[in-house]
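The residues making up each chain are set out below.
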Amino acid sequence: MIYGRYRLVHGLRIALAFTLTFLLTRELKLPESTWPLITLVVVMGPISFWGNVLSRALQRVVGTIFGAACGVVALYLELYSLPLTLIWCSCIMFLCGYLALGKRPYVGLLIGITLGVTMGAMPGDIETALWRSGDVILGSLLALLFCSIYPQRAYSHWRLQMHDTLLQAHRLYHTHLSPNILERPKLAQSHSRLLSKVVSLRPLLTPAVKETRLNSSLFEAIQTSMRNTLCILEMLANTYWSDRQSHFLMQSTPALRDCQRATEAAITQLALMLKSGELQEAEHAIALLHDAAAQVRGSGEGDAAINGYLWLNRQLIDQLSHLGRLLGLVLQPYASPSARK
(Lines give C-alpha, C1' and ligand atoms only; values in the text may rest on other atoms or scores of the structure.)
Protein backbone atom coordinates (compact mmCIF):
# COMPACT_ATOMS: atom_id res chain seq x y z
CA MET A 1 0.00 0.00 0.00
CA ILE A 2 1.09 3.58 -0.64
CA TYR A 3 0.54 4.40 3.04
CA GLY A 4 3.48 2.21 3.92
CA ARG A 5 5.71 4.55 1.86
CA TYR A 6 4.16 7.91 2.67
CA ARG A 7 7.48 9.81 2.55
CA LEU A 8 8.20 8.45 -0.92
CA VAL A 9 4.70 9.37 -2.11
CA HIS A 10 4.99 12.86 -0.61
CA GLY A 11 8.31 13.40 -2.39
CA LEU A 12 6.87 12.24 -5.71
CA ARG A 13 3.84 14.50 -5.23
CA ILE A 14 6.01 17.59 -4.70
CA ALA A 15 8.26 16.68 -7.65
CA LEU A 16 5.27 16.29 -9.98
CA ALA A 17 3.63 19.49 -8.70
CA PHE A 18 6.85 21.45 -9.18
CA THR A 19 7.32 20.15 -12.73
CA LEU A 20 3.76 20.90 -13.79
CA THR A 21 3.83 24.36 -12.22
CA PHE A 22 7.11 25.14 -13.98
CA LEU A 23 5.62 24.12 -17.33
CA LEU A 24 2.51 26.20 -16.63
CA THR A 25 4.47 29.36 -15.80
CA ARG A 26 6.67 28.93 -18.87
CA GLU A 27 3.70 28.35 -21.14
CA LEU A 28 1.84 31.40 -19.79
CA LYS A 29 5.09 33.45 -19.72
CA LEU A 30 4.23 34.90 -16.33
CA PRO A 31 6.40 37.75 -15.03
CA GLU A 32 8.21 36.97 -11.76
CA SER A 33 7.57 33.29 -12.50
CA THR A 34 9.98 32.04 -9.82
CA TRP A 35 7.55 32.95 -7.03
CA PRO A 36 4.85 30.34 -7.78
CA LEU A 37 7.55 27.65 -7.61
CA ILE A 38 8.98 28.94 -4.33
CA THR A 39 5.52 29.28 -2.83
CA LEU A 40 4.55 25.78 -3.97
CA VAL A 41 7.48 24.24 -2.11
CA VAL A 42 6.89 26.37 1.01
CA VAL A 43 3.20 25.46 1.15
CA MET A 44 3.41 21.76 0.21
CA GLY A 45 6.67 20.82 1.93
CA PRO A 46 5.48 20.34 5.53
CA ILE A 47 2.07 18.93 4.53
CA SER A 48 1.65 15.17 4.20
CA PHE A 49 -1.63 13.92 5.67
CA TRP A 50 -5.10 14.99 4.58
CA GLY A 51 -6.08 15.85 8.15
CA ASN A 52 -3.49 18.65 8.00
CA VAL A 53 -3.82 19.61 4.36
CA LEU A 54 -6.99 21.69 4.16
CA SER A 55 -6.63 23.76 7.35
CA ARG A 56 -2.92 24.46 6.88
CA ALA A 57 -3.18 25.16 3.16
CA LEU A 58 -6.08 27.55 3.72
CA GLN A 59 -4.07 29.28 6.45
CA ARG A 60 -1.22 29.68 3.98
CA VAL A 61 -3.51 31.06 1.27
CA VAL A 62 -5.08 33.55 3.70
CA GLY A 63 -1.66 34.61 4.95
CA THR A 64 -0.38 34.99 1.40
CA ILE A 65 -3.29 37.18 0.27
CA PHE A 66 -3.11 39.38 3.37
CA GLY A 67 0.70 39.67 3.14
CA ALA A 68 0.50 40.59 -0.54
CA ALA A 69 -2.08 43.30 0.15
CA CYS A 70 0.09 44.70 2.96
CA GLY A 71 3.12 44.71 0.65
CA VAL A 72 1.28 46.66 -2.03
CA VAL A 73 0.16 49.18 0.59
CA ALA A 74 3.77 49.49 1.81
CA LEU A 75 5.06 50.22 -1.69
CA TYR A 76 2.34 52.80 -2.20
CA LEU A 77 3.21 54.51 1.11
CA GLU A 78 6.87 54.59 0.10
CA LEU A 79 6.00 57.03 -2.66
CA TYR A 80 5.08 59.57 0.00
CA SER A 81 7.02 58.73 3.17
CA LEU A 82 9.75 56.20 3.91
CA PRO A 83 9.34 56.48 7.72
CA LEU A 84 5.60 55.81 7.35
CA THR A 85 6.44 52.72 5.24
CA LEU A 86 8.84 51.46 7.89
CA ILE A 87 6.24 51.96 10.62
CA TRP A 88 3.67 50.08 8.52
CA CYS A 89 6.03 47.18 7.84
CA SER A 90 7.03 47.00 11.50
CA CYS A 91 3.37 46.72 12.51
CA ILE A 92 2.75 43.96 9.95
CA MET A 93 5.84 42.03 11.07
CA PHE A 94 4.76 42.37 14.69
CA LEU A 95 1.45 40.78 13.65
CA CYS A 96 3.42 38.10 11.79
CA GLY A 97 5.45 37.20 14.88
CA TYR A 98 2.41 37.31 17.14
CA LEU A 99 0.37 34.95 14.93
CA ALA A 100 3.33 32.63 14.32
CA LEU A 101 3.27 31.59 17.99
CA GLY A 102 -0.51 31.19 18.16
CA LYS A 103 -3.05 28.63 17.01
CA ARG A 104 -2.62 29.58 13.33
CA PRO A 105 1.15 29.90 12.87
CA TYR A 106 1.10 29.45 9.10
CA VAL A 107 -0.99 32.59 8.61
CA GLY A 108 1.65 34.62 10.44
CA LEU A 109 4.60 33.05 8.61
CA LEU A 110 3.07 33.56 5.15
CA ILE A 111 2.16 37.16 5.95
CA GLY A 112 5.82 37.88 6.70
CA ILE A 113 7.16 35.90 3.73
CA THR A 114 4.75 37.48 1.24
CA LEU A 115 5.40 40.96 2.60
CA GLY A 116 9.12 40.41 2.03
CA VAL A 117 8.52 39.09 -1.49
CA THR A 118 6.33 42.04 -2.42
CA MET A 119 8.63 44.64 -0.84
CA GLY A 120 11.48 43.29 -2.98
CA ALA A 121 10.19 45.32 -5.91
CA MET A 122 11.60 48.76 -6.68
CA PRO A 123 10.09 51.68 -4.76
CA GLY A 124 6.74 52.58 -6.28
CA ASP A 125 6.82 49.61 -8.69
CA ILE A 126 3.24 48.58 -7.96
CA GLU A 127 2.96 46.49 -11.13
CA THR A 128 5.84 44.21 -10.15
CA ALA A 129 4.47 43.96 -6.61
CA LEU A 130 1.06 42.96 -7.94
CA TRP A 131 2.59 40.36 -10.24
CA ARG A 132 4.60 38.89 -7.37
CA SER A 133 1.53 38.88 -5.15
CA GLY A 134 -0.54 37.17 -7.82
CA ASP A 135 2.21 34.62 -8.48
CA VAL A 136 2.50 33.78 -4.78
CA ILE A 137 -1.29 33.37 -4.53
CA LEU A 138 -1.21 31.17 -7.66
CA GLY A 139 1.49 29.00 -6.08
CA SER A 140 -0.59 28.62 -2.91
CA LEU A 141 -3.72 27.64 -4.82
CA LEU A 142 -1.81 25.14 -6.97
CA ALA A 143 -0.29 23.63 -3.82
CA LEU A 144 -3.77 23.24 -2.34
CA LEU A 145 -4.94 21.58 -5.57
CA PHE A 146 -2.06 19.10 -5.72
CA CYS A 147 -2.35 18.27 -2.01
CA SER A 148 -6.02 17.39 -2.46
CA ILE A 149 -5.34 14.78 -5.17
CA TYR A 150 -5.11 11.30 -3.62
CA PRO A 151 -4.03 12.69 -0.24
CA GLN A 152 -2.33 10.58 2.40
CA ARG A 153 -4.54 9.89 5.42
CA ALA A 154 -3.06 9.90 8.90
CA TYR A 155 -5.85 7.55 10.03
CA SER A 156 -4.75 4.85 7.57
CA HIS A 157 -1.07 5.34 8.39
CA TRP A 158 -1.82 5.13 12.12
CA ARG A 159 -3.74 1.87 11.60
CA LEU A 160 -0.86 0.33 9.64
CA GLN A 161 1.70 1.37 12.24
CA MET A 162 -0.44 -0.06 15.04
CA HIS A 163 -0.82 -3.25 12.98
CA ASP A 164 2.98 -3.55 12.70
CA THR A 165 3.36 -2.83 16.43
CA LEU A 166 1.03 -5.67 17.38
CA LEU A 167 2.77 -8.08 15.01
CA GLN A 168 6.14 -7.19 16.54
CA ALA A 169 4.67 -7.62 20.03
CA HIS A 170 3.43 -11.07 18.99
CA ARG A 171 6.90 -12.03 17.77
CA LEU A 172 8.49 -10.93 21.05
CA TYR A 173 5.87 -12.80 23.09
CA HIS A 174 6.31 -15.94 20.97
CA THR A 175 10.10 -15.79 21.28
CA HIS A 176 9.95 -15.58 25.08
CA LEU A 177 7.64 -18.60 25.23
CA SER A 178 9.53 -20.81 22.79
CA PRO A 179 10.27 -24.21 24.40
CA ASN A 180 13.41 -24.47 22.26
CA ILE A 181 15.14 -21.63 24.13
CA LEU A 182 17.03 -22.60 27.28
CA GLU A 183 18.18 -19.11 28.33
CA ARG A 184 16.21 -15.90 28.38
CA PRO A 185 16.49 -14.11 25.00
CA LYS A 186 17.97 -10.62 25.15
CA LEU A 187 15.02 -8.61 23.89
CA ALA A 188 14.95 -5.69 26.34
CA GLN A 189 16.00 -3.22 23.63
CA SER A 190 13.32 -4.59 21.31
CA HIS A 191 10.67 -3.93 23.97
CA SER A 192 11.99 -0.39 24.44
CA ARG A 193 11.93 0.30 20.70
CA LEU A 194 8.37 -0.97 20.51
CA LEU A 195 7.25 1.38 23.29
CA SER A 196 9.06 4.26 21.60
CA LYS A 197 7.30 3.45 18.34
CA VAL A 198 3.88 3.73 20.02
CA VAL A 199 4.85 7.11 21.46
CA SER A 200 6.08 8.27 18.03
CA LEU A 201 2.58 7.74 16.61
CA ARG A 202 1.11 10.57 18.71
CA PRO A 203 1.63 13.25 16.00
CA LEU A 204 -0.74 11.25 13.80
CA LEU A 205 -3.63 11.54 16.27
CA THR A 206 -4.60 15.16 15.56
CA PRO A 207 -4.93 14.76 11.77
CA ALA A 208 -6.59 11.36 12.28
CA VAL A 209 -9.22 12.98 14.51
CA LYS A 210 -9.90 15.59 11.82
CA GLU A 211 -10.22 12.92 9.15
CA THR A 212 -12.58 10.63 11.07
CA ARG A 213 -14.42 13.22 13.24
CA LEU A 214 -14.04 10.83 16.18
CA ASN A 215 -13.41 11.99 19.71
CA SER A 216 -9.69 12.49 20.35
CA SER A 217 -10.06 10.73 23.70
CA LEU A 218 -10.83 7.49 21.83
CA PHE A 219 -7.45 7.57 20.07
CA GLU A 220 -5.76 8.54 23.34
CA ALA A 221 -7.39 5.56 25.08
CA ILE A 222 -6.11 3.21 22.37
CA GLN A 223 -2.60 4.59 22.69
CA THR A 224 -2.75 4.11 26.47
CA SER A 225 -4.13 0.58 26.16
CA MET A 226 -1.42 -0.32 23.66
CA ARG A 227 1.32 0.97 25.99
CA ASN A 228 -0.18 -0.94 28.90
CA THR A 229 -0.30 -4.11 26.81
CA LEU A 230 3.35 -3.80 25.83
CA CYS A 231 4.38 -3.14 29.44
CA ILE A 232 2.48 -6.20 30.66
CA LEU A 233 4.10 -8.33 27.96
CA GLU A 234 7.51 -7.21 29.19
CA MET A 235 6.56 -7.99 32.82
CA LEU A 236 5.31 -11.41 31.73
CA ALA A 237 8.67 -12.10 30.13
CA ASN A 238 10.48 -11.02 33.31
CA THR A 239 8.28 -13.27 35.44
CA TYR A 240 8.49 -16.21 33.04
CA TRP A 241 12.29 -16.23 33.16
CA SER A 242 12.81 -15.05 36.75
CA ASP A 243 13.23 -18.51 38.30
CA ARG A 244 14.31 -21.72 36.55
CA GLN A 245 12.12 -24.03 38.69
CA SER A 246 8.94 -22.01 38.21
CA HIS A 247 9.85 -21.57 34.53
CA PHE A 248 9.82 -25.32 33.92
CA LEU A 249 6.65 -25.62 36.00
CA MET A 250 4.90 -23.08 33.77
CA GLN A 251 6.16 -24.87 30.67
CA SER A 252 4.72 -28.16 31.91
CA THR A 253 1.22 -26.80 32.64
CA PRO A 254 -0.99 -27.72 29.62
CA ALA A 255 -3.76 -25.27 30.48
CA LEU A 256 -1.28 -22.41 30.71
CA ARG A 257 0.28 -23.35 27.37
CA ASP A 258 -3.19 -23.31 25.81
CA CYS A 259 -3.78 -19.86 27.28
CA GLN A 260 -0.48 -18.63 25.89
CA ARG A 261 -1.34 -19.90 22.42
CA ALA A 262 -4.76 -18.27 22.67
CA THR A 263 -3.05 -15.00 23.66
CA GLU A 264 -0.81 -15.19 20.60
CA ALA A 265 -3.83 -15.80 18.39
CA ALA A 266 -5.70 -12.84 19.93
CA ILE A 267 -2.77 -10.47 19.37
CA THR A 268 -2.44 -11.64 15.77
CA GLN A 269 -6.16 -11.21 15.08
CA LEU A 270 -6.17 -7.71 16.58
CA ALA A 271 -3.30 -6.82 14.23
CA LEU A 272 -5.17 -8.24 11.22
CA MET A 273 -8.32 -6.39 12.30
CA LEU A 274 -6.45 -3.09 12.18
CA LYS A 275 -5.40 -3.78 8.60
CA SER A 276 -8.61 -5.30 7.21
CA GLY A 277 -11.28 -3.62 9.35
CA GLU A 278 -13.01 -6.97 9.94
CA LEU A 279 -13.96 -7.45 13.59
CA GLN A 280 -15.41 -10.98 13.74
CA GLU A 281 -12.18 -12.99 13.83
CA ALA A 282 -10.67 -10.81 16.56
CA GLU A 283 -13.82 -11.04 18.67
CA HIS A 284 -13.82 -14.82 18.27
CA ALA A 285 -10.12 -15.04 19.23
CA ILE A 286 -10.69 -12.96 22.37
CA ALA A 287 -13.65 -15.14 23.33
CA LEU A 288 -11.45 -18.24 23.01
CA LEU A 289 -8.80 -16.48 25.08
CA HIS A 290 -11.29 -15.93 27.92
CA ASP A 291 -12.25 -19.62 27.78
CA ALA A 292 -8.60 -20.67 27.97
CA ALA A 293 -8.02 -18.28 30.87
CA ALA A 294 -10.91 -19.83 32.77
CA GLN A 295 -9.25 -23.24 32.43
CA VAL A 296 -6.00 -21.84 33.78
CA ARG A 297 -7.73 -20.37 36.83
CA GLY A 298 -9.27 -23.73 37.54
CA SER A 299 -6.04 -25.69 37.23
CA GLY A 300 -3.62 -23.32 38.90
CA GLU A 301 -5.32 -22.67 42.22
CA GLY A 302 -3.08 -23.12 45.25
CA ASP A 303 0.13 -23.16 43.22
CA ALA A 304 2.07 -20.18 44.60
CA ALA A 305 4.94 -20.53 42.13
CA ILE A 306 2.93 -19.32 39.16
CA ASN A 307 0.31 -17.12 40.86
CA GLY A 308 2.12 -13.91 39.88
CA TYR A 309 2.41 -15.04 36.28
CA LEU A 310 -1.28 -16.00 36.20
CA TRP A 311 -2.25 -12.60 37.60
CA LEU A 312 -0.26 -10.86 34.86
CA ASN A 313 -1.95 -13.07 32.28
CA ARG A 314 -5.35 -11.95 33.55
CA GLN A 315 -4.21 -8.32 33.30
CA LEU A 316 -3.04 -8.93 29.74
CA ILE A 317 -6.34 -10.55 28.79
CA ASP A 318 -8.24 -7.58 30.21
CA GLN A 319 -6.06 -5.17 28.25
CA LEU A 320 -6.46 -7.11 25.01
CA SER A 321 -10.24 -7.21 25.48
CA HIS A 322 -10.31 -3.48 26.20
CA LEU A 323 -8.07 -2.78 23.22
CA GLY A 324 -10.33 -4.88 20.99
CA ARG A 325 -13.42 -2.91 22.05
CA LEU A 326 -11.69 0.43 21.44
CA LEU A 327 -10.40 -0.64 18.05
CA GLY A 328 -13.90 -1.76 17.13
CA LEU A 329 -15.10 1.81 17.76
CA VAL A 330 -12.30 3.48 15.84
CA LEU A 331 -12.63 1.10 12.87
CA GLN A 332 -16.35 1.81 12.55
CA PRO A 333 -16.50 5.60 12.94
CA TYR A 334 -20.18 5.86 12.18
CA ALA A 335 -21.39 2.83 14.08
CA SER A 336 -21.44 4.56 17.45
CA PRO A 337 -22.85 8.11 17.57
CA SER A 338 -21.42 8.59 21.07
CA ALA A 339 -17.94 8.20 19.64
CA ARG A 340 -18.35 11.30 17.53
CA LYS A 341 -17.28 14.69 18.67
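Residues numbered from 1 in each chain as written. Predicted model: local features only at pLDDT ≥ 70, side-chain atom pairs only at ≥ 80, totals over all residues. Heavy atoms only, no water.

1. So, the packing of helix 8 (residues 188–200) against helix 10 (residues 216–240)
- Following both chains from N to C, one finds helix 8 and helix 10 inclined at 175°, their axes separated by 10 Å at the closest point. Viewed along their axes, helix 8 and helix 10 adopt a mutual orientation that is roughly antiparallel. Judged by residue contacts, His191, Leu194, Leu195, Val198 and Val199 of helix 8 engage Gln223, Met226, Arg227, Leu230, Cys231, Leu233 and Glu234 from helix 10.
- Looking at the contact of helix 8 with helix 10 residue by residue, the class counts come to 8 nonpolar, 2 polar and 2 charged. (Axes fitted to C-alpha atoms, helices over the stretch in contact; angles between N-to-C directions. Helix = DSSP H or I, 4+ residues; strand = E, 2+ residues; numbered from the N terminus. Parallel < 35°, antiparallel > 145°, perpendicular 65-115°, else oblique. Contact = heavy atoms within 4.5 Å. Nonpolar A, V, L, I, M, F, W, Y, C, P; charged D, E, K, R; others polar.)

2. Structural notes on the packing of aromatic side chains
- Counted under the stated rule, the structure contains 3 aromatic pairs.
- When the ring of Trp158 is compared with that of Phe219, the centres are 5.1 Å apart and the planes differ by 70°; the resulting orientation is edge-to-face. One end of the pair, Trp158, is in helix 7 (residues 154–177); the other, Phe219, is in helix 10, and 61 residues separate them in sequence. Phe219 shares its class with Trp158; the two are buried. (Phe/Tyr/Trp six-rings, centres within 6.5 Å; stacked < 30°, edge-to-face > 60°. Buried < 20%, exposed > 50% of the residue type's maximum accessible area, 1.4 Å probe, protein only.)

3. A word on the environment of Pro31
- With respect to the secondary-structure elements, Pro31 resides in the loop between helix 1 (6–28) and helix 2 (34–44).
- For Pro31, a relative accessible area of 34% translates into the label partly exposed.
- With 101 residues separating them along the chain, Pro31 and Arg132 place their C-alpha atoms 7.9 Å apart.
- With near-sequence residues (within four places) excluded, Pro31 lies in contact with Trp131 and Asp135.

4. A closer look at the nonpolar core
- Within the largest apolar cluster, 59 residues are counted, with the highest numbers of intra-cluster contacts made by Trp158, Phe219, Leu270, Leu327 and Val330.
- When residues of this core are traced back to their parent elements, those giving at least two are helix 7, helix 8, helix 9 (205–212), helix 10, helix 12 (254–276), helix 13 (280–299) and helix 14 (307–331).
- Setting aside chain neighbours within four positions, we find Leu327 in contact with Trp158, Ile222, Leu270, Met273 and Leu274.
- The next biggest cluster of nonpolar side chains, apart from the first, holds 8 residues, and it includes Ala17, Leu142, Phe146 and Cys147. (Core = buried A, V, L, I, M, F, W, Y, C linked by side-chain atoms within 4.5 Å.)

5. What to know about the confidence of the model for the chain
- The pLDDT averaged across the chain works out to 82; a share of 88% of its residues lies at or above 70.
- Overall, residues 334–341 carries pLDDT values under 50, and its contacts beyond four positions in sequence, including any with other chains, amount to 13 contacts. (pLDDT = per-residue confidence, 0-100.)

6. Observations regarding helix 9
- Judged by how many residues are buried, helix 9 sits mostly within the fold: 6 of 8 residues are covered.
- Residues Leu205, Pro207, Ala208, Val209, Glu211 and Thr212 constitute the buried set of helix 9.
- Looking one or two residues past helix 9, Arg213 carries a phi angle of roughly 60°, positive in sign.

7. Remarks on the pattern of salt bridges
- All chains considered together, the criterion is met by 2 salt bridges.
- Residue Arg202 is joined to Glu220 by a salt bridge in which the shortest nitrogen-to-oxygen separation is 2.8 Å. In this pair, Arg202 sits in the loop between helix 8 and helix 9 while Glu220 sits in helix 10, placing the two residues 18 residues apart along the sequence.
- The class of Glu220 is partly exposed, set by a relative accessible area of 30%.
- One salt bridge in this structure joins Asp258 and Arg261, with 2.5 Å as the shortest N-O distance. (Salt bridge = Lys/Arg side-chain N within 4 Å of Asp/Glu carboxyl O.)

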